[in-house]
Amino acid sequence: MTAEHSPDPAAHDATWFARRSRNALRRPLLIAVAGGVAFVLTLLVLLIIPRRGDNSARRIAALASEKADTSALIVAQGRARAALAAAEDALADARRRSVRPPPAAPADTLSAELIARRDSLRRTATALNGMIERVENAPLPASYRALGEMRELAADPQIRALLDSLADVEREREQFGAVGGVDPIFVALTARATAIGRAIQAVAEARQTAARQELVQLRPPPPPSPVVVAVVDTGPIVVRRDLAVTTLDSSTRRLAETRQNNADVDRRVEAARAAANVEIPPLTLLAAALVLAGVAGFGVALLVEMRRSRIADPGEAEEATGLRVLAVVLPKTVQPERTRRRADRDMSPLLDATSDAYRLLYLHIAGLVPRLSLLTVTGDDPAVAATVAANLAAAATYDARSTLLVDAELSACAVSSILGVRPEPGFGDVLAGRVDWSEAVIPATIGRERALDVIPSGVCGEPPGGFDPLPARHSLARIARRYDLVVLVVAPRQIQQGDGGILPAPDLIYCARIGETTVAGVRAATDVLRGAGARIRGLVLWHADVPLIQSRELLAAQSTAAENVALTAGRAGR
């Protein structure tokens, strides 16, 4: 096939896959076995999964009993808060007891504008002083944030930048978590937040200092200096307050982490219980198993078919061998009008000479020029080849042509089983020299007032001492001149080239089975036959059940019984 006439590769692949799918569907036994295994496995899996879910639920429910108790952490957090409050109260009391309020200031002699400016600066200084003292008493991120958000400082760009940095550090510290103990990273983030707060406090103190310096110029004569009544050391109290702050942060973090872990365990338990409580209806299980079994069965059959492709249709057989398909034999259909006569009822069920397939095959053979007098039928299955040859010979007989059917396949007695004639003596006995050709010919009834000459297979296998193929070939050629058509059934291995073969003519028909004969097998067989000198006229595809061939012993017993019945009937007639 030239490149310009080559088919579309995509269409060819689609056709090839469709053929493989059809052949896969022709294997119901393989599909049933694979599907049955998949059905059982699917049911087992679908029944085991809920049980495993129950086991998981029980295991996770047991873990739920190991959830951490948060009561001790809550008590520790409360104690830390109480210690921090006590330290702050003690520090404030110590600072109050350190100084005495100054005496009243003298009367103010400034102008109204300066007095208003002084009052504003005093309010600013007082507000900043109060917030700075709050920060010093409670150096927490919230205190630093409140200090930076004061009206007196909020407009400062430096304060806004510091507040943004403090918010970022607090966000990272809130998102960070560690189980147990004081984590170094958390402590570093806390120190960073404190440093930013100290920077905010420094700006506030600078603003407070500036306000105080301006007040110095606007204030009246200074009042008498306050009298110091006592000096209290606040250092130990500040240390105790800082320790209380650290303890409170650690307790709060550990309590949050424990609660988060307990919440995770609760979610896992709930999810496992939800999974364990899922109930699949039995009909749904059965339907799912059936669907998966069907898919698995077809998939296995398709995989087997793709690994060893078989002939799917006449087109594929012609593509593989380059030969023409002469006929496709389909299952025999029962015709009621042909069951009325006894001759038709007694005829072998494998004979169907009026079938369209055999009629077309015979018409093709009869239309060859020059007309064939001897035709060989062979194939990978002896029963199929013998059935095709017997029906071809019967079709020729129905066409009023003298026909001889020779069963040269010595390993079986297929022709004798199909036509219901004795298996011996036959072709094997002729090759062994025990009988003559004329003695081996027997008539076989193939319908009403129609008979076909047959040479059965004879003894099983070739003669022990071998035989000379040249006389057999000459004898077959001589017999072929006496008949209009001689149909010879042989096995592919018996066809040889030259003097080693018994075929007087190279004309041959090869029989293959759709869905059974492999593409590689039919291609190799036809190539071997061509190499042996055979002239293959075409292919016959068998698309029905394989014919059942009786054993040689059963045929011999039936033949003996029939002869005894005929002999008894003859004696009774005399």
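Residues numbered from 1 in each chain as written. Predicted model: local features only at pLDDT ≥ 70, side-chain atom pairs only at ≥ 80, totals over all residues. Heavy atoms only, no water.

What's the story with the overall build of the protein chain in this structure? I'm lost.
Of the regular secondary structure elements, the protein chain holds 19 helices and eight strands. Across the 574 residues that make up the protein chain, the buried fraction comes to 40%. (Helix = DSSP H or I, 4+ residues; strand = E, 2+ residues; numbered from the N terminus. Buried < 20%, exposed > 50% of the residue type's maximum accessible area, 1.4 Å probe, protein only.)

Looking at this structure, I do not really get a nonpolar patch on the surface. What am I missing?
Together, Leu-29, Val-33, Val-37, Val-40, Leu-41 and Leu-44 give the surface a local cluster of nonpolar side chains, amounting to about 560 Å² of exposed area. With respect to the element layout, Leu-29 can be found in helix 2 (residues 28-64). Judged by relative accessible area, which is 65%, Leu-29 ranks as exposed. (Patch = residues over 30% accessible without salt bridge, like charges linked within 9 Å, V, L, I, M, F, W, Y side chains within 5 Å. Areas by Shrake-Rupley, 256 points an atom, 1.4 Å probe, with all protein chains shown as cover. Salt bridge = Lys/Arg side-chain N within 4 Å of Asp/Glu carboxyl O.)

Would you take a moment to explain empty space enclosed by the protein for this structure?
Gaps left between atoms are located by rolling a probe of water-molecule size over the structure's atoms. According to the stated counting rule, one finds one cavity of 30 Å³ or more in the structure shown. Its volume calculated, the largest cavity comes out at about 30 Å³. Around the largest cavity, the lining residues are Pro-382, Ala-386, Asp-407, Glu-409, Ala-412, Ala-414 and Val-489. (1 Å grid on protein atoms, 1.4 Å probe; cavity = no way out; pocket = protein on both sides within 12 Å on 5 of 7 lines; lining within 4 Å. Points joined across faces, edges and corners; volume = space filled by probe spheres on them.)

Which parts of the structure should I look at to understand unusual backbone geometry?
Generally, phi is negative for residues other than glycine and the peptide bonds are trans, each holding for most cases. Looking along the chain, the bond that leaves Glu-424 and enters Pro-425 is cis, with omega of -10°. Examined against the element boundaries, Pro-425 turns out to sit in the loop between helix 14 (414-419) and helix 15 (427-432). Positive phi, close to 65°, is recorded for Ala-400, a residue that is not glycine. Looking at where Ala-400 falls in the secondary structure, it is placed in the loop between helix 13 (382-398) and strand 3 (403-407).

What am I meant to see in the confidence of the model for the protein chain here?
Overall, the prediction assigns the protein chain a mean pLDDT of 78, with 79% of residues at 70 or greater. Of the regions scoring below 50 in pLDDT, residues 1-6 engages in two contacts with residues more than four places distant in sequence or in other chains. (pLDDT = per-residue confidence, 0-100. Contact = heavy atoms within 4.5 Å.)

Honestly, the nonpolar core in this entry has me stumped. Any pointers?
Here is a general trend for soluble globular proteins: nonpolar side chains tend to be buried in one another's company. One finds Leu-351, Leu-361, Val-388, Leu-405, Leu-419, Val-454 and Val-487 to be the most contacted residues of the largest nonpolar core, which totals 44 residues. When residues of this core are assigned to their parent elements, the largest contribution, 11 residues, is made by helix 13. If we ignore the near neighbours within four places in the chain, the residues touching Val-454 are Leu-404, Leu-405, Val-415, Leu-419, Ala-440, Val-441, Ile-442 and Ala-444. With 42 residues, the next largest nonpolar core counts Leu-323, Ala-440, Leu-488 and Leu-508 among its residues. (Core = buried A, V, L, I, M, F, W, Y, C linked by side-chain atoms within 4.5 Å.)

What should I look at first to understand the packing of helix 4 (residues 112-137) against helix 5 (residues 141-148) in this one?
When two helices pack together, their arrangement is given by the angle between the helix axes and by the axis-to-axis distance. Interaxial distance between helix 4 and helix 5 falls to 9 Å at its minimum, and their mutual angle equals 165°. Classified by the angle between their axes, helix 4 and helix 5 sit roughly antiparallel to one another. Crossing angle aside, the handedness with which helix 4 passes helix 5 is left-handed. Contact residues: helix 4 offers Met-131, Ile-132, Arg-134 and Val-135, while helix 5 offers Ser-143, Tyr-144, Ala-146 and Leu-147. Of the residues belonging to the contact of helix 4 with helix 5, the class tally is six nonpolar, one polar and one charged. (Axes fitted to C-alpha atoms, helices over the stretch in contact; angles between N-to-C directions. Parallel < 35°, antiparallel > 145°, perpendicular 65-115°, else oblique. Left-handed = near helix turned anticlockwise from the far one by under 90°. Nonpolar A, V, L, I, M, F, W, Y, C, P; charged D, E, K, R; others polar.)

Would you explain the sheet that holds strand 3 in this entry?
Two pairing modes exist for strands in a sheet, parallel and antiparallel, and in both the strands are linked by backbone hydrogen bonds. Strand order across the open sheet formed by eight strands is 1-8-7-2-6-3-5-4, with mixed pairing between neighbours. Every interior strand has two partners, whereas the edge strands, strand 1 (325-329) and strand 4 (442-447), have only one. Going across the sheet, the axis of each strand differs from the next one's by a mean of 25°, ignoring polarity. Judged from the three bridges that link them, strand 3 and strand 5 (residues 450-455) form a sheet pairing that is parallel. Across the sheet, residue Leu-405 finds its bridge partner in strand 5, namely Val-454. (Pairing = 2+ DSSP bridges.)

What am I meant to see in the pattern of salt bridges here?
Side chains that differ in charge, positive against negative, can pair when their charged atoms come close. Using the criterion set out here, one finds 17 salt bridges in the structure. As a salt-bridge pair, Arg-171 and Asp-168 come within 2.9 Å of each other at their nearest N and O atoms. Of the two residues, Arg-171 and Asp-168 both sit in helix 6 (residues 157-175), three residues apart, roughly one turn of that helix. Note on Asp-168: relative accessible area 38%, which makes it partly exposed. Across the pair Arg-537 and Asp-507 runs a salt bridge whose closest N-O atoms are separated by 2.8 Å. One end of the pair, Arg-537, is in strand 8 (residues 535-542); the other, Asp-507, is in strand 7 (residues 507-513), and 30 residues separate them in sequence. According to the relative accessible area criterion, Arg-537 is partly exposed, its value standing at 27%.

How should the pairing of strand 7 be read in this particular structure?
Consecutive side chains of a regular strand alternate in pointing toward one face of the sheet and then the other. Burial analysis of strand 7 places seven of its seven residues in the buried class, which makes it a mostly covered element. What you see with strand 7 is no split at all: Asp-507, Ile-509, Cys-511 and Arg-513 on one side and Leu-508, Tyr-510 and Ala-512 on the other are buried throughout. Where strand 2 (residues 374-379) lies against strand 7, four bridges are found, and the strand directions are parallel. The partner of Gly-379 across the bridge, within strand 7, is Cys-511. As defined by bridge partners, strand 7 adjoins strand 8 across seven bridges and the pair is classed as parallel. Within strand 8, the position partnered with Cys-511 by the bridge is Val-540. Assessed by its sense of winding, the connection that carries the chain from strand 7 through helix 18 (residues 519-531) to strand 8 is right-handed. (Right-handed = clockwise from strand over helix to strand, strands pointing away.)

Sorry, what's going on with the environment of Val-187 here?
Inspection of the secondary structure puts Val-187 in helix 7 (residues 184-218). Expressed as a C-alpha distance, the spacing of Val-187 and Arg-173, which sit 14 residues apart in the sequence, is 9.2 Å.

Can you help me understand the packing of aromatic side chains in this one?
Given two aromatic rings, one states the distance between the centres and the angle between the planes to describe the pair. Throughout the structure, instances matching the rule amount to one aromatic pair. For the ring pair Phe-427 and Trp-437, a centre distance of 5.7 Å and an interplane angle of 65° mean the geometry is edge-to-face. Here the residue Phe-427 occupies a position in helix 15, and Trp-437 occupies one in helix 16 (residues 437-440), the gap between them amounting to 10 residues. For Phe-427, a relative accessible area of 1% translates into the label buried. On the basis of relative accessible area, Trp-437 is assigned to the buried category, the value being 8%. (Phe/Tyr/Trp six-rings, centres within 6.5 Å; stacked < 30°, edge-to-face > 60°.)

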